Amino acid sequence: SPILVRPLEDRYEIISGHCRTRAAELVGLKTVPAKVVPMDDYQATVIMTHSNIVGRDSILISEKAKAYRMCIEQQKANGMTKGEAEQLVGGENDSKRSVQRLVRLSYLNDDLLNLIDSKRMAAQIGYEIAFLDDLSQDELMKYINTTEKIPTLDQAKQLRGMFENGVEITFEKIVAELTNISKKHKVANKVIFKTKEIAEYFDEGTDAEAMTNVIITLLEKY
């Protein structure tokens, strides 16, 4: 399956086929079949986005977000309104609202996007965080690396609100605010574990009191 390239002065730019080219390099091939098609930036972006999103069995959220944003920016440069561009690039795959949320994720730094791609952080949380500027995102990533805690959706909304109200988002401010948020939540009166749900983690015949003691001990260590 030939890769698709376009001529650029004294070289060629790959529009579709980056993975095939890399695979060829890994097995020692010196050349790959290629189809050369002259095209402008707009046409190249549309084709690249389509091949990334439609032509692959799986795609990372970060890849899709960046591809959508790139395509929308080209569509707008070509005279289309933002809404029209969002509707067009989503096609049958994503609604206009979904496209908007994905494009917002493209404003996250790579470390935060990696958390979403690896499913350590929900995309909904990333959407709220994506309204922070680069420095604020760096401070938040410092908090995540230090505490090994991912903000909840409520906490992410709180940080977004602070930023939009002109509050400087520093590491110290994040620690203080997220700690305060957690204290504001009312603790449930009762937490119930069904024995059958946790039995697999204990030796057969372990009674309820022993299970409780193990859980409390582990929570204290946590």
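One can find the structure itself at the top, above this paragraph.
Because the structure is predicted, anything quoted here is derived from the model rather than measured. (Residues numbered from 1 in each chain as written. Predicted model: local features only at pLDDT ≥ 70, side-chain atom pairs only at ≥ 80, totals over all residues. Heavy atoms only, no water.)

**Some thoughts on the sheet that holds strand β3 (residues 34–36)**
The 3 strands lie next to each other as β2-β1-β3, forming an open sheet whose pairing is mixed. The sheet terminates laterally at β2 (11–16) and β3, the two strands that pair on one side only. This sheet shows a mean twist of 40° between the axes of neighbouring strands, independent of strand direction. Bridge count between strand β1 (residues 3–8) and β3: 3 bridges; the pairing is parallel. Paired with Ile3 across the bridge in β3 is Ala34. Of the strands in this sheet, β1 and β2 touch helix α1 (residues 18–26), which is tilted by about 115° from β2. (Pairing = 2+ DSSP bridges. Helix = DSSP H or I, 4+ residues; strand = E, 2+ residues; numbered from the N terminus. Axes fitted to C-alpha atoms, helices over the stretch in contact; angles between N-to-C directions. Contact = heavy atoms within 4.5 Å.)

**Comments concerning the packing of aromatic side chains**
One pass over the full model with this rule turns up 1 aromatic pair. On the numbers, 5.3 Å between centres and 85° between planes, the contact of Tyr127 with Phe131 is edge-to-face. The residue whose ring lies beneath Arg160 is Phe131, and the NZ or CZ to ring-centre distance is 3.6 Å. (Phe/Tyr/Trp six-rings, centres within 6.5 Å; stacked < 30°, edge-to-face > 60°. Lys NZ or Arg CZ within 6 Å of the ring centre and 35° of its normal.)

**Looking at the pairing of β2**
One ladder, built from 5 bridges, connects β1 with β2; its direction is antiparallel. Residue pairing across strands places Leu4 opposite Ser16, the latter belonging to β2. Once β1 ends, the chain turns through 2 residues before running back antiparallel as β2, passing Glu9 with a positive phi of about 55°.

**Some thoughts on the nonpolar core**
One finds Leu108, Leu112, Ile129 and Leu140 to be the most contacted residues of the largest nonpolar core, which totals 33 residues. Looking at this core, the elements with two or more residues in it are α3 (61–77), α4 (82–90), α5 (96–105), α6 (110–117), α7 (123–129), α8 (134–147), α9 (153–164) and α10 (171–184). Beyond its immediate stretch of four places on either side in the chain, Leu112 contacts Met121, Ile129, Gln137, Met141 and Ile144. By size, the runner-up hydrophobic cluster in this structure holds 5 residues, among which are Ile15, Met39, Ala44 and Met48. (Core = buried A, V, L, I, M, F, W, Y, C linked by side-chain atoms within 4.5 Å. Buried < 20%, exposed > 50% of the residue type's maximum accessible area, 1.4 Å probe, protein only.)

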